[in-house]
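Topology and contacts: notes
The chain contents come next:
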Amino acid sequence: MGDRLKDKVAVVTGAGRGIGRGIALLMASEGAKVVVNDLGGAVTGSGASQTPADEVVTEIKKMGGQAVANYDSVSTTEGGERIIKTAIDNFNRIDILVNNAGILRDRMIFNMAPEEWDAVLKVHLYGTFNCTKPASLVMRQQRWGRIISMTSTSGVIGNSGQANYGAAKMGIVGFTFVCARDLGKYGVTVNTIAPGAGTRMTLSEEVMAARVIRAQRGLSASPVQGTSQQVQGPADPEDVAPLVCYLATEQAANINGRIFYASGGNFSLFSNPEPIRTLYKDGRWTMDELMRLMPRTLASGLINPAPPQAPEPPKPA
Ligand SMILES: NC(=O)c1ccc[n+]([C@@H]2O[C@H](COP(=O)([O-])OP(=O)(O)OC[C@H]3O[C@@H](n4cnc5c(N)ncnc54)[C@H](O)[C@@H]3O)[C@@H](O)[C@H]2O)c1
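Residues numbered from 1 in each chain as written. Predicted model: local features only at pLDDT ≥ 70, side-chain atom pairs only at ≥ 80, totals over all residues. Heavy atoms only, no water.

1. A closer look at the overall build of the chain
Of regular secondary structure, the chain possesses 11 helices and eight strands. Computed over the C-alpha atoms, the radius of gyration of the chain is 21 Å, within 12% of the 20 Å expected from 2.2 N^0.38 for a compact globule of 317 residues. Dimensions of the chain, computed from C-alpha atoms along their principal axes, come out at roughly 65 × 60 × 35 Å. If you take every contact in the chain between residues at least 6 apart in sequence, the share linking residues at least 24 apart comes to 70%. In the structure as shown, the chain presents an accessible area of about 16700 Å², 54% of it carried by carbon and sulfur atoms. A distance of 5 Å separates the average location of the 32 positive side-chain charges in the chain from that of its 28 negative side-chain charges. (Helix = DSSP H or I, 4+ residues; strand = E, 2+ residues; numbered from the N terminus. Rg over C-alpha atoms; globule rule 2.2 N^0.38 Å. Contact = heavy atoms within 4.5 Å. Areas by Shrake-Rupley, 256 points an atom, 1.4 Å probe, with all protein chains shown as cover. Lys, Arg positive; Asp, Glu negative; His and termini not counted. Charge placed at Lys NZ, Arg CZ, Asp CG, Glu CD.)

2. Overview of the confidence of the model for the chain
The predicted model of the chain has a mean per-residue pLDDT of 94, with 93% of residues at 70 or higher. For residues 226-232, every residue scores under 50 in pLDDT, and the model assigns this stretch nine contacts once sequence neighbours within four places are set aside. (pLDDT = per-residue confidence, 0-100.)

3. Brief notes about the site of the ligand
What surrounds the ligand is a group of 30 residues, the closest being Asp38, Asn100, Tyr165, Ala197 and Thr199. Contacts to the ligand include Gly40, whose backbone N or O atom sits 3.4 Å from an oxygen atom. Contact with the protein chains hides 97% of the accessible area of the ligand, taken as 830 Å² for the molecule alone. Those elements that place two or more of their residues in the shell around the ligand are helix H1 (18-29), helix H4 (114-142), helix H6 (163-183) and helix H7 (200-203). No other element matches the three residues that H7 contributes to the shell around the ligand. (Near = heavy atom within 4 Å. Polar contact = N/O pair within 3.5 Å; in protein donor to acceptor, adjacent residues only side chain to side chain.)

4. Some points on the packing of H1 against helix H2 (residues 51-62)
Angle between the axes and distance between the axes: these two values describe a pair of packed helices. The interhelical angle for the contact between H1 and H2, taken along N-to-C directions, is 25 degrees, at an axis separation of 10 Å. Viewed along their axes, H1 and H2 adopt a mutual orientation that is roughly parallel. In this structure, H1 meets H2 at a crossing whose hand is right-handed. Contacts between H1 and H2 involve Arg21, Ala24, Leu25 and Ala28 from the former and Val56, Glu59 and Ile60 from the latter. Residues of the contact of H1 with H2, tallied by class, amount to five nonpolar, no polar and two charged. (Axes fitted to C-alpha atoms, helices over the stretch in contact; angles between N-to-C directions. Parallel < 35°, antiparallel > 145°, perpendicular 65-115°, else oblique. Left-handed = near helix turned anticlockwise from the far one by under 90°. Nonpolar A, V, L, I, M, F, W, Y, C, P; charged D, E, K, R; others polar.)

5. Focus on H4
The terminal C-alpha atoms of H4, which comprises 29 residues, lie 40 Å apart, in line with the 42 Å expected from a rise of 1.5 Å per residue. Of all bends in H4, the biggest is about 40 degrees, found at Lys122. Arg143 lies just past H4 and shows a positive phi near 55 degrees. (Expected span 1.5 Å × (residues − 1). Bend = angle between axes of the 7 residues up to and from the residue.)

6. Observations regarding the sheet that holds strand S4 (residues 96-99)
Reading across the sheet, the eight strands line up as S3-S2-S1-S4-S5-S6-S7-S8 and stay open at both edges, with mixed pairing between neighbours. What marks the edges here is a single partner per strand, and that holds for strand S3 (66-70) and strand S8 (266-269). Taking the axes of each pair of neighbouring strands and ignoring which way they run, one obtains an average angle of 20 degrees across the sheet. Note: S4 against strand S5 (residues 145-150), four bridges, orientation parallel. Pairing of Asn99 across the sheet is with Ser149, part of S5. Sitting on the sheet, H6 is in contact with S5, strand S6 (188-195) and strand S7 (259-263), with an inclination near 160 degrees to S6. (Pairing = 2+ DSSP bridges.)

7. Comments concerning the environment of Lys33
Position of Lys33 relative to the elements: it lies in strand S2 (residues 33-37). For Lys33, a relative accessible area of 22% gives the class partly exposed. A sequence separation of 172 residues divides Lys33 from Glu205, and the C-alpha atoms of the two residues are 35 Å apart. Aside from chain neighbours lying at most four places away, what touches Lys33 is Lys8, Val9, Ala10, Gln66 and Phe91. (Buried < 20%, exposed > 50% of the residue type's maximum accessible area, 1.4 Å probe, protein only.)

8. Considering unusual backbone geometry
One non-glycine residue, Asn92, adopts positive backbone phi at about 70 degrees. Position of Asn92 relative to the elements: it lies in the loop between helix H3 (77-91) and S4. Asn92 sits in the exposed class, given a relative accessible area of 66%. Of note, Arg143 is a non-glycine position whose phi angle comes to about 55 degrees, a positive value. For Arg143, the location among the structural elements is in the loop between H4 and S5.

9. Digging into the environment of Ser300
With respect to the secondary-structure elements, Ser300 resides in the segment after helix H11 (287-293). Along the sequence, Ser300 and Pro134 sit 166 residues apart, while their C-alpha atoms lie 46 Å from each other. Excluding residues that lie within four positions of it along the chain, Ser300 makes contacts with Arg277, Met294 and Pro295.

Laid out in structure tokens, this is it:
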């Protein structure tokens, strides 16, 4: 057991399984008192069970740590408020919030039902707001806090078949940039991590089948530049936890409004978006000018991640 998070109170959403479980265990082993939140449903978000959260609480207590379970859904305002209240009621404060709960409803955009769009945004994007809002009230008053939310390369880079998930995850990036500026002066940092790990979210039969189809259509997600993601295969979910815990320490006080990547032993800092090429004119561009200039300036060398293909020949009847 370490003491780098001694006297801190942490809430980890979706901590009953996968990456969240690893974060809750490491935070507890570094001395934090942990609220283990998990709705306990299927990867699509259906159903509920108290077992995953209870099991992680038992694991933490067995190793001598302190933890309490919460089974609320992050996807409602009341759920988010109750999750944060669980920390206050049991441990009198909240210092660290990890917005980690997540589900998937993958579908190509032309097949996506509004319900599939809503369900994913509700858990990831609304869930991040629903917990951050009540936590920020306390953190601002105590002038200390750490908020770390899970984004994804599916949004930051893009991944076919995940318009709902990618939109929610990039929403979390924008949310992080703004909250970092809203809360920084109160000693609260807000960062986001795109993890990569072998969990039911990445290894389920349905997800693996979709990955094969994407690869066959030449639509595989781009590996993150400079990482060994492709050769290593899926990393352990527990590998993400050290970076999350580091961002929660005192030493990370000035890391604010950043996007990281974490998979296995590979931690990266993403660049924050900034213009890389500019066309400037004192006035409005004409279409004639753009037709002439774009190919040699802003559009020069750009690669289409999914270039047009000839339609597949009809299958024999
Ligand atoms: N595994 C990866 O490679 C990967 C990649 C990119 C992003 N992520 C993100 O990391 C986070 C953790 O994913 P994981 O791979 O550990 O998945 P996981 O399915 O193993 O764990 C997610 C947990 O969230 C819980 N959950 C779902 N909906 C909830 C809700 N409404 N309220 C409370 N809890 C809820 C689930 O019950 C589950 O235990 C997610 O936000 C996911 O989008 C994971």
